[in-house]
Amino acid sequence: MGDVTKRVQPVGLVARAERVGPDVAKRGLHTSRRRGFSDRPDWLETFRAEPPAARAVRRVRALDVPDGGVLVAAGEPVLISGCTDGWPAARRWATRDALCEAHGELRFELADGVEMGLAEYVEYATGATGAGATADFPYYLFERRFRGERRALLDDFAPPELFADDLLGLVPGSSMRYWIAGGARTGTCLHVDPLLTSAWNACLCGAKRWALLPPGTPLGADLAPTVATPCDWFADAYPRLVAAAEAGGAAAPRLVECVQRPGETIFVPSGWWHAVVNLEWSVAVTHNFLNAAALPALWPRLRADFPPFSMVLADCLAHARPAVLAAVHARARAGHAADADGAA
C-alpha cells in the first residue's frame with residue numbers, strides 16, 4: 001500500500017478536467033464574446049421553465065427514501081428535497097452577502113495563473129460590468145482542495161445520509177468532492193463522471209438547468225459536438241436532442257431534465273451523461289461516490305476499464321470492507337458458473 005497515493009492521485013485531476021472541459025486553463029475561453037450569450041439574457045431565461053412531465057426528473061423527499069442504495073439500484077436520476085436541512089450552508093451560502101460574510105477572505109485558483117479572493121470573485125461573477133458580465137463562459141469556481149483556510153467550507157455541510165456510504169473514500173487521493181460557485185452561463189458541457197461513480201449535487205443558492213441521458217445513448221457529432229462552453233452545448237446540441245426525443249421511435253434518445261433550486265439535491269447515477277448551465281449566481285457542493293451495494297454489478301467493467309484503480313480499491317476493501325469484496329467475488333463466481341452452464 002506504500003505507493004497507493006502515487007498511483008491514484010491523478011484520479012481527481014482527471015475528474016475535474018472532464019467536468020470543465022480541456023480548455024479551462026486558456027484564459028481566452030473565459031473572456032471570449034464570440035457567441036454574444038450575455039447579450040441574449042432572454043435566451044437563457046427560457047431554461048427556467050420546467051420541462052414537460054414526460055422528460056422531467058422525478059422529485060422525491062429525502063424522508064420518503066429508506067436508503068440511498070434504493071436510488072443507486074434503480075439507476076435513475078432523482079431530485080431530492082430535504083437533504084440539506086440543518087446544514088449551516090443553508091444560511092452561509094444562501095446569498096452573496098451571507099457567503100462573503102462567512103468566507104469572503106478565502107482565496108481560490110480559478111485557472112493557471114488566475115487567483116481571486118471569494119469576495120472579489122462574487123463581484124466578478126455577478127457585477128453588471130466587466131469580463132464576468134460579458135464573457136460567454138465566465139470563470140467557474142470548481143474547488144476540490146479543502147486545505148488551509150478553505151477547510152472552513154467543510155464545516156458548512158455533511159454528505160447526505162442517503163449517500164454516506166462511499167467506497168471511493170477508502171482510496172487515498174481519490175476523493176471527488178467539489179465546492180462550486182459561478183454566475184450565469186457557467187456550468188459543464190455534456191460528460192460522464194469518471195470511474196463509474198454516481199454523484200450527488202446539492203444546490204444552496206441560485207438555479208441550474210440539467211439535461212441528462214442514460215448510459216448507452218448513441219451520441220453522434222450532432223448530439224454531442226465538441227463545444228467550448230456550456231451555453232454552446234445548450235444552444236446547439238440541446239435543441240437537436242429535444243427534437244429527436246419528441247420525434248419518438250426506437251432510435252429516439254431518452255432525455256430527462258430539471259431545474260434545480262436551493263435546497264434540492266440531484267442524484268446522478270453511474271454512467272449517465274449530463275450537462276448543466278447556471279441560470280444565475282449559484283452555489284453548490286457535489287460529491288462522486290461508489291456505493292457498496294452497486295459495486296458487485298459495476299466490478300467487471302471497473303476492472304476492465306480502470307485496472308490500476310480497481311486493484312488499489314480491492315486492496316483497500318480487503319482491509320476495510322471485506323464483506324463488500326466478498327460480495328464482489330461471489331457475484332463474479334456466479335457469473336462464471338452461469339457462463340459455464342450456457343456453454344454446456
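Everything numeric in this text was worked out from a predicted model, so none of it was measured. (Residues numbered from 1 in each chain as written. Predicted model: local features only at pLDDT ≥ 70, side-chain atom pairs only at ≥ 80, totals over all residues. Heavy atoms only, no water.)

Undergrad: Let's hear about the side chain of H30: which residues, and what values?
TA: Looking at where H30 falls in the secondary structure, it is placed in the loop between helix 2 (10–20) and helix 3 (41–45). Separated by 2.8 Å, the side chain of H30 and the backbone oxygen of F137 make a polar contact. (Helix = DSSP H or I, 4+ residues; strand = E, 2+ residues; numbered from the N terminus. Polar contact = N/O pair within 3.5 Å; in protein donor to acceptor, adjacent residues only side chain to side chain.)

Undergrad: Could you give me a rundown of the pairing of strand 8 (residues 198–205), with the residues and numbers involved?
TA: A large share of strand 8 lies buried, amounting to eight of its eight residues. Relative to strand 13 (residues 282–289), strand 8 is paired through seven bridges, and the arrangement is antiparallel. Looking at the pairing, C205 lines up with V283 of strand 13. Direction of pairing for strand 8 relative to strand 11 (residues 264–268): antiparallel, over a ladder of four bridges. The residue bridging N201 from the neighbouring strand is I266, located in strand 11. (Buried < 20%, exposed > 50% of the residue type's maximum accessible area, 1.4 Å probe, protein only. Pairing = 2+ DSSP bridges.)

Undergrad: Report on the confidence of the model for the protein, specifying residues and quantitative values.
TA: The predicted model of the protein has a mean per-residue pLDDT of 88, with 89% of residues at 70 or higher. Contacts for the low-pLDDT stretch residues 1–25, under 50 throughout, to residues beyond four places or in other chains number 51 contacts. (pLDDT = per-residue confidence, 0-100. Contact = heavy atoms within 4.5 Å.)

Undergrad: I'd love a proper account of the side chain of S270, names of residues and values included.
TA: Tracing the sequence through the fold places S270 in the loop between strand 11 and strand 12 (273–278). Engagement of the side chain of S270 in a polar contact is seen with the backbone oxygen of L196, the distance being 2.7 Å. Leave out the neighbours within four places in its chain, and S270 touches L196, T197, S198, P215 and L298.

Undergrad: Describe the pairing of strand 3 (residues 107–111), listing the residues and the values that go with them.
TA: Bridge count for strand 3 against strand 4 (residues 114–117) is four bridges, and the pairing is antiparallel. If you follow R107 over to strand 4, its bridge partner there is G117. Connecting strand 3 to the antiparallel partner strand 4 that follows it, the hairpin turn spans two residues, and G113 within it adopts a positive phi of roughly 80 degrees.

Undergrad: Please give an account of the pattern of salt bridges that cites residues and values.
TA: This model, assessed by the stated rule, comprises 20 salt bridges. Of the charged contacts, one joins R107 and E115 as a salt bridge, the two residues approaching to 2.9 Å between their closest N and O atoms. The class of E115 is partly exposed, set by a relative accessible area of 48%. Residue D165 is joined to R321 by a salt bridge in which the shortest nitrogen-to-oxygen separation is 3.1 Å. Of this pair, D165 sits in the loop between strand 5 (141–143) and strand 6 (177–182) while R321 sits in the loop between helix 11 (307–320) and helix 12 (322–343), and the two are 156 residues apart along the sequence. Several salt bridges share partner residues, and in doing so they unite R34, R35, D232 and D236 into one network. (Salt bridge = Lys/Arg side-chain N within 4 Å of Asp/Glu carboxyl O.)

Undergrad: Please set out the packing of helix 10 (residues 295–305) against helix 11 residue by residue, giving values where relevant.
TA: The N-to-C vectors of helix 10 and helix 11 enclose an angle of 135 degrees; their axes lie 6 Å apart at closest approach. When the interaxial angle is binned, helix 10 and helix 11 end up oblique. Side by side, helix 10 and helix 11 meet where L295, W299, L302, R303, A304 and D305 of the first sit next to P307, F309, S310, L313, A314 and L317 of the second. For the contact of helix 10 with helix 11, the residue count by class is nine nonpolar, one polar and two charged. (Axes fitted to C-alpha atoms, helices over the stretch in contact; angles between N-to-C directions. Parallel < 35°, antiparallel > 145°, perpendicular 65-115°, else oblique. Nonpolar A, V, L, I, M, F, W, Y, C, P; charged D, E, K, R; others polar.)

Undergrad: Give a detailed account of the sheet that holds strand 11, specifying residues and quantitative values.
TA: Spatial strand order, 1-2-11-8-13-6-5: seven strands in an open sheet with mixed pairing. Each edge of the open sheet is held by one strand with a lone partner, namely strand 1 (58–61) and strand 5. Pairs of neighbouring strands in the sheet enclose a mean axial angle of 20 degrees, with direction left out of account.

Undergrad: How would you explain the nonpolar core if you had to name every residue and give the values?
TA: Core analysis: the largest hydrophobic core is formed by 43 residues, its most contacted members being I80, W93, Y121, W179 and W281. Ranked by residue count, the leading element in this core is helix 7 (residues 118–126), at five residues. (Core = buried A, V, L, I, M, F, W, Y, C linked by side-chain atoms within 4.5 Å.)

Undergrad: Can you explain the sheet that holds strand 9 (residues 208–213)? Please cite residues and give values.
TA: In a beta sheet, neighbouring strands pair by backbone hydrogen bonds and run either parallel or antiparallel. Across the sheet, which stays open at both edges, the four strands sit in the order 7-12-9-10 with antiparallel pairing between neighbours. The open sheet terminates on both sides in strands that have one partner only, identified here as strand 7 (187–191) and strand 10 (256–260). Shown here is a sheet whose adjacent strand axes are inclined to one another by a mean of 15 degrees, direction ignored. Alignment of strand 9 against strand 10, held across five bridges, turns out to be antiparallel. Each bridged residue has a counterpart across the sheet, and for L212 the counterpart in strand 10 is V256. Contacts between helix 9 (residues 230–247) and the sheet are confined to strand 7, strand 9, strand 10 and strand 12, with strand 12 contributing the most and set at about 125 degrees to the helix.

Undergrad: Summarise unusual backbone geometry; cite the residues concerned and give the values.
TA: A positive phi is found at L195, a non-glycine position, where the angle reads about 60 degrees. You can see L195 is positioned in the loop between strand 7 and strand 8. Even without a glycine there, the phi angle at L196 is positive, about 60 degrees. Structurally, the position occupied by L196 is in the loop between strand 7 and strand 8. Looking at L196, the relative accessible area reads 7%, which means it is buried.

Undergrad: Give me the lowdown on the packing of helix 6 (residues 96–103) against helix 7, citing residues and values where you can.
TA: Running from amino to carboxyl end, helix 6 crosses helix 7 at an angle of 160 degrees, the nearest separation of the two axes being 9 Å. Considering the angle they form, helix 6 stands roughly antiparallel to helix 7. Each of R96, L99, C100 and H103 in helix 6 lies in contact with helix 7, whose residues at this interface are L118, A119, V122 and T126. Among the residues making up the contact of helix 6 with helix 7, the classes are represented as five nonpolar, two polar and one charged.

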